[in-house]
Amino acid sequence: MNGSRIAAVGHYQPAKVLTNEDLAEMVDTSDEWITSRVGIRTRHIAGPDEPVDELAAHAAAKALAAAGLAPGDIDLVLVATSTAVDRSPNMAARVAARLGIPSPAAMDVNVVCAGFTHALATADHAVRAGGSTRALVIGADEMSAVTDWSDRTTCVLVGDGAGAAVVEAADETGIGPVLWGSVPEMGHAVRIEGTPARFAQEGQSVYRWATTQLPPIARKAVERAGLTPADLAAVVLHQANLRIIEPLAEKIGAVNAVVARDVTESGNTSAASIPLAFSKLVEQGAISTGDPVLLFGFGGNLSYAGQVVRCP
């Protein structure tokens, strides 16, 4: 076998839902103000007894069950997150312990909003190189924990959740070549820093970069898979803001594709946003097994990574 594929996906969100009306009681905002600017109506918020690794483990367990696999079948765990509280043990090791995975390689990947597509590419490379047989790739973040809830420019954006994929060796190319990179000199445009750590961004700079610089990069990721944008069945972009998602999807030119808009009900969940939205499309039957889907993450560090995958 000289390829890899996504065998199954899964997702998880905390039970607590925070609406725009709820936020209007906390800060000077309104449902109309939020929906007109970012398109978000609700978001899920983790409780104090729901750490990031718990969300990640729930999503991973669902992906394992969907693939018909046991924890012992996994030999690599990759968790994309930027909201881990502790440095060690890392999130991947915590998830492996929760699931009872016996002796995996366990690594965290911190590329913020592009974390999942970076981790997926890393798993693809590891499997194709023979370093792994089956990998769990998870995006999980609790943005609520790094948010200033008195700042209406950021608190209206964020949500918590996790999404996961099982990656395994395959005869076919189920995960296309990654196209990744960054604009490190503009990394200050999206930040989670300070003590306590707080999320901040330069919204207009991010909007201009995403809608003007990223479309040709995303199209090139499609070309690397030997496809055209018109061949895509779905486009799953980082769920940052509906005002970014819709023009970016249009400029990519995927005229026949379903465009994931999970941001409306989940908010910006950072590294969780792509696997969360992708898993929901699969669960809803919006896409079928074998369909080509563009996954494209972008954001923190002004990093980006994208690849075409085949729907499990």
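Everything here concerns the structure above.
Residues numbered from 1 in each chain as written. Predicted model: local features only at pLDDT ≥ 70, side-chain atom pairs only at ≥ 80, totals over all residues. Heavy atoms only, no water.

Enquirer: Is there a simple way to explain the overall build of the protein in this structure?
Expert: When its secondary structure is counted, the protein shows 11 helices and 14 strands. For 312 residues, the compact-globule estimate of 2.2 N^0.38 gives 20 Å, and the protein sits close to it at 18 Å. Counting only C-alpha atoms and orienting by the principal axes, one finds that the protein spans roughly 55 × 45 × 40 Å. The burial tally for the protein puts 57% of its 312 residues in the buried class. (Helix = DSSP H or I, 4+ residues; strand = E, 2+ residues; numbered from the N terminus. Rg over C-alpha atoms; globule rule 2.2 N^0.38 Å. Buried < 20%, exposed > 50% of the residue type's maximum accessible area, 1.4 Å probe, protein only.)

Enquirer: What is the right way to read the pairing of strand 1 (residues 3-12) from this model?
Expert: With respect to burial, strand 1 is a largely interior element, 9 of its 10 residues being buried. Pairing between strand 1 and strand 7 (residues 160-170): 9 bridges, direction antiparallel. Bridge pairing in strand 7 places Arg 5 opposite Glu 168. (Pairing = 2+ DSSP bridges.)

Enquirer: Help me understand the packing of helix 7 (residues 203-212) against helix 8 (residues 214-224) in this model?
Expert: Geometrically, a packed helix pair is captured by the angle between its two axes and the distance between the axes. It is at 4 Å that the axes of helix 7 and helix 8 come closest, and there the two elements cross at 40°. When the axes of helix 7 and helix 8 are compared, the pair comes out oblique. Contacts from Trp 209, Ala 210, Thr 211 and Thr 212 in helix 7 reach Leu 214, Pro 215 and Pro 216 in helix 8. When the residues that make up the contact of helix 7 with helix 8 are grouped by side-chain class, the tally is 5 nonpolar, 2 polar and no charged. (Axes fitted to C-alpha atoms, helices over the stretch in contact; angles between N-to-C directions. Parallel < 35°, antiparallel > 145°, perpendicular 65-115°, else oblique. Contact = heavy atoms within 4.5 Å. Nonpolar A, V, L, I, M, F, W, Y, C, P; charged D, E, K, R; others polar.)

Enquirer: Help me out: how do you make sense of the sheet that holds strand 12 (residues 258-259) in this one?
Expert: The pairing of strands in a sheet comes from backbone hydrogen bonds and takes either a parallel or an antiparallel form. The mixed open sheet is built from 5 strands, whose spatial order is 8-14-13-11-12. What marks the edges here is a single partner per strand, and that holds for strand 8 (179-182) and strand 12. Of the pairings in the sheet, the one linking strand 11 (residues 234-237) to strand 12 comprises 2 bridges and is parallel in character. Considered in strand 12, the bridge of Ala 234 is made with Val 258.

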